[in-house]
Amino acid sequence: MNDTADDFRTAARAAAELVSDYLDAVPGRPVWQPMDQADRQALLDLPLPSDGMPLEGLLEVIGGQLMTAPMGNGHPRFFGWVNSAPAPAGVLATLAAAAMNPSSAGGDHADVHLERAVVRWIAELVGFPHPAGGGILTSGTSMATILCLAAARNRAARRAGHDLRADGLAGLPPLVAYATAETHSCVRKAVELLGLGSRHLRTVATDAEGRLDPAALAEAVAADRAAGLLPFLAVASAGTVGTGVVDAFDPIADVCAAEGLWLHVDGAYGAFGVLDPAIADQYAGMDRADSLALDPHKWLGVPVDCGCALVRDTDELRGTFSLVPSYLRDEAAGALGWFSEYGMEQTRPFRSLKVWATIAHRGRAGLTADIARCTELARHLGALVEADPELELLAPVRTSIVAFRYLPADPALTDAVNRDLPVAVQLGGRAFVTGALLDGREMLRACLLNAATTEADLDLLLSEVRGAGRELTGRPTGS
């Protein structure tokens, strides 16, 4: 189709109305419902068109076939996984970024300089030291983790007198990393992808509060050194996915400093919790890490996708990835070079605009208020669970995740019922919660990221859990 400027302007206005109507209607919709089988199959079987469709026709399909079947994470009663509602400012900025459509690899254009600024903003928000060039936006923390661990691997090899980029891992003793059983799975994926092998990712014991035990870390390192292995990395969590536990960073950093380990902090979900004065003390020492991976597209509500890798030493990241072929030379790039020298992506999307818009719209004060509201709601939900004889709180509420389970009349059914409960609640359409394992026990986990959630929404969530639990066990209502 050959669209005119007027065609686009008309369609853009219609798109704005479509998106606005969608966002307005979200709270009154079911949180989530499975797609109709015929609708699902129609999408799967979409034929490749031979002729183009006008812009208004595209909007009809988007509004009538796609926006009618959302994931549900925009709803204030969506408590599943770690998926936030989109910040309206970020939604608007996404359109402008797509219209400009640059590659944010490098060069002298707005997106490159804006990314430098928003990476600095992110570092300032969480109190992480930020040398010029010490960070890069990524698709998410999974990719940010790969970048940070690759830098850690490169440093360890260099210190061992080995040129990893030229020679690979051959000739090096096995590199060993340390984390707890609750560390996010992206760490194991990164270890495997980087050729280190998951058997060299040691599971370190935790203390009574579920935090990585520094003494156990030191013991594991000593044992591996004695066995001729090369310890190089410890991973701490700024809010585990299962229960929101924040590790004690200072004593872990002490061990890493003494043993020459790179300290990486997985802050994907929880690092922004440091903004809440009520829980900020848990994050003492996070600024001592060598790297921090976190997701603006989680607690800040920046539309997906947007993660961030922050590093203490810019040269370690650039030295791991920089490769400038002749066709990409830029004599005017300055001392920092191009962003493509700090990671895997060459063509990079304009992520910084939606980050800038989201942060600029709310400001530090607004973001702090939103995060504090979520942690307050989580503590309230934890108190409701503790007061309910049909429910059990499985861990203290540290951030904005509440780990709990339903207690059937027959204890032998506890794991089976709690394994089936999340789907039963989801299918009801009034609330959305997911499950996980904690110390081998099936549990429910409610993650609160939406400051628009109310206490009434929490009451309804627990009502749905109790109702589904009773139905799964045949327990009479009110028993």
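Here, every reference points to the structure presented above.
None of these values were measured; they are calculated from a predicted model. (Residues numbered from 1 in each chain as written. Predicted model: local features only at pLDDT ≥ 70, side-chain atom pairs only at ≥ 80, totals over all residues. Heavy atoms only, no water.)

Caption draft 1: Seen up close, the side chain of T183. The topology assignment puts T183 in the loop between strand 2 (175–179) and helix 8 (185–193). Here the side chain of T183 touches T180 through a polar contact of 3.1 Å, landing on its backbone oxygen. (Helix = DSSP H or I, 4+ residues; strand = E, 2+ residues; numbered from the N terminus. Polar contact = N/O pair within 3.5 Å; in protein donor to acceptor, adjacent residues only side chain to side chain.)

Caption draft 2: Quick look at the pairing of strand 2. Counting buried positions over the 5 residues of strand 2 gives 5, a clear majority of the element. Residues L175, A177 and A179 point to one face of strand 2 and V176 and Y178 to the other, with burial holding for every one of them. For strand 2 and strand 4 (residues 230–237), the ladder comprises 4 bridges, and the chain directions are parallel. Directly across from V176, in strand 4, lies its bridge partner P231. Here 3 bridges tie strand 2 to strand 3 (residues 201–203), and the two strands are oriented parallel to one another. (Buried < 20%, exposed > 50% of the residue type's maximum accessible area, 1.4 Å probe, protein only. Pairing = 2+ DSSP bridges.)

Caption draft 3: Representation of the environment of A16. Mapping A16 onto the fold places it in helix 1 (residues 5–25). For A16, a relative accessible area of 42% translates into the label partly exposed. Spatially, the C-alpha atoms of A16 and L92 are 9.0 Å apart, while their sequence positions differ by 76 residues.

Caption draft 4: Local environment of the sheet that holds strand 10 (residues 434–438). Strand order in the open sheet made by the 4 strands is 8-9-11-10, with antiparallel pairing throughout. Each of the sheet's edge strands pairs with one partner strand only, and the pair in question is strand 8 (391–393) and strand 10. On average, each strand axis in the sheet is inclined to that of its neighbour by 45°, with strand direction left out of account. Two strands pair when backbone bridges link them, and strand 10 and strand 11 (residues 441–447) are joined in this way by 5 bridges, in the antiparallel orientation. Bridging from a neighbouring strand, T434 pairs with R445 of strand 11. (Axes fitted to C-alpha atoms, helices over the stretch in contact; angles between N-to-C directions.)

Caption draft 5: Region of interest: the layout of surface pockets. Taken as a whole, the second largest pocket holds about 290 Å³ of empty space. Lining the second largest pocket are 17 residues, and of these E182, T206, G210, L438 and D439 lie nearest its centre. By residue class, the composition of the lining of the second largest pocket is 7 nonpolar, 4 polar and 6 charged. (1 Å grid on protein atoms, 1.4 Å probe; cavity = no way out; pocket = protein on both sides within 12 Å on 5 of 7 lines; lining within 4 Å. Points joined across faces, edges and corners; volume = space filled by probe spheres on them. Nonpolar A, V, L, I, M, F, W, Y, C, P; charged D, E, K, R; others polar.)

Caption draft 6: Structural view of the packing of aromatic side chains. The final tally for this structure, using the stated rule, is 5 aromatic pairs. Note on W32 and F432: the rings are 6.1 Å apart at their centroids and 85° apart in plane angle, and the pair reads as edge-to-face. Taken together, the positions of W32 in the loop between helix 1 and helix 2 (37–44) and F432 in the loop between helix 13 (414–428) and strand 10 put the pair 400 residues apart, joining distant regions of the chain. Since its relative accessible area comes to 23%, W32 is described here as partly exposed. Considering the side-chain rings of W81 and F432, the 5.3 Å spacing of their centres and the 55° angle between planes classify their relative orientation as tilted. Residue W81 is found in the loop between helix 3 (55–66) and helix 4 (88–100), and its partner F432 is found in the loop between helix 13 and strand 10; the two are separated by 351 residues along the sequence. You can call W81 partly exposed: its relative accessible area is 43%. (Phe/Tyr/Trp six-rings, centres within 6.5 Å; stacked < 30°, edge-to-face > 60°.)

Caption draft 7: Region of interest: helix 10 (residues 249–259). The complete set of buried residues in helix 10 reads F249, I252, A253, V255 and C256. Down the axis of helix 10, the buried side of the element spans an arc of 160°, and every buried residue falls inside it. Exposed and oriented more than 90 degrees from the buried face of helix 10 are A257 and A258. On the buried face of helix 10, the contacting elements are helix 9 (214–226), strand 4 and strand 5 (262–267). (Arc of directions from axis to C-beta. Contact = heavy atoms within 4.5 Å.)

Caption draft 8: View of the side chain of S340. Here S340 lies in the loop between helix 11 (314–321) and helix 12 (352–386). Those residues within four positions of S340 in sequence are excluded, and the remaining contacts are A105, E345 and Q346.

Caption draft 9: Quick look at the packing of helix 9 against helix 10. Orientation of helix 9 relative to helix 10, taken along the N-to-C sense of each, is 20°, at an axis distance of 9 Å. Judged on the interaxial angle alone, helix 10 and helix 9 are roughly parallel. Where helix 9 crosses over helix 10, the two elements pack in a sense that is right-handed. Between helix 9, through P214, L217, A218, V221 and R225, and helix 10, the contact on the second element is made entirely by P251, I252, V255 and E259. For the contact of helix 9 with helix 10, a count of residues per class yields 7 nonpolar, no polar and 2 charged. (Parallel < 35°, antiparallel > 145°, perpendicular 65-115°, else oblique. Left-handed = near helix turned anticlockwise from the far one by under 90°.)

Caption draft 10: How the structure looks around a nonpolar patch on the surface. Together, M53, L58, I62 and L66 make up an exposed nonpolar region whose accessible area comes to about 320 Å². Within the secondary structure, I62 sits in helix 3. (Patch = residues over 30% accessible without salt bridge, like charges linked within 9 Å, V, L, I, M, F, W, Y side chains within 5 Å. Areas by Shrake-Rupley, 256 points an atom, 1.4 Å probe, with all protein chains shown as cover. Salt bridge = Lys/Arg side-chain N within 4 Å of Asp/Glu carboxyl O.)

Caption draft 11: Molecular detail of unusual backbone geometry. In this structure, D305 follows V304 across a cis peptide bond, with omega equal to 5°. For D305, the location among the structural elements is in the loop between strand 6 (291–294) and strand 7 (307–311). The phi angle at D439 is positive, at roughly 55°, despite the residue not being glycine. Along the polypeptide, D439 turns up in the loop between strand 10 and strand 11. Residue classification places D439 among the exposed residues on the basis of a relative accessible area of 67%.

Caption draft 12: Spotlight on the sheet that holds strand 5. Ordered in space as 1-7-6-5-4-2-3, the 7 strands form an open sheet in which the pairing is mixed. The open sheet terminates on both sides in strands that have one partner only, identified here as strand 1 (135–138) and strand 3. Geometrically, the sheet is characterised by an average inter-axis angle of 20° between neighbouring strands, direction not taken into account. In terms of strand pairing, strand 6 meets strand 7 through 4 bridges, oriented antiparallel. From the neighbouring strand, A293 faces strand 7, where its bridge partner is A309.

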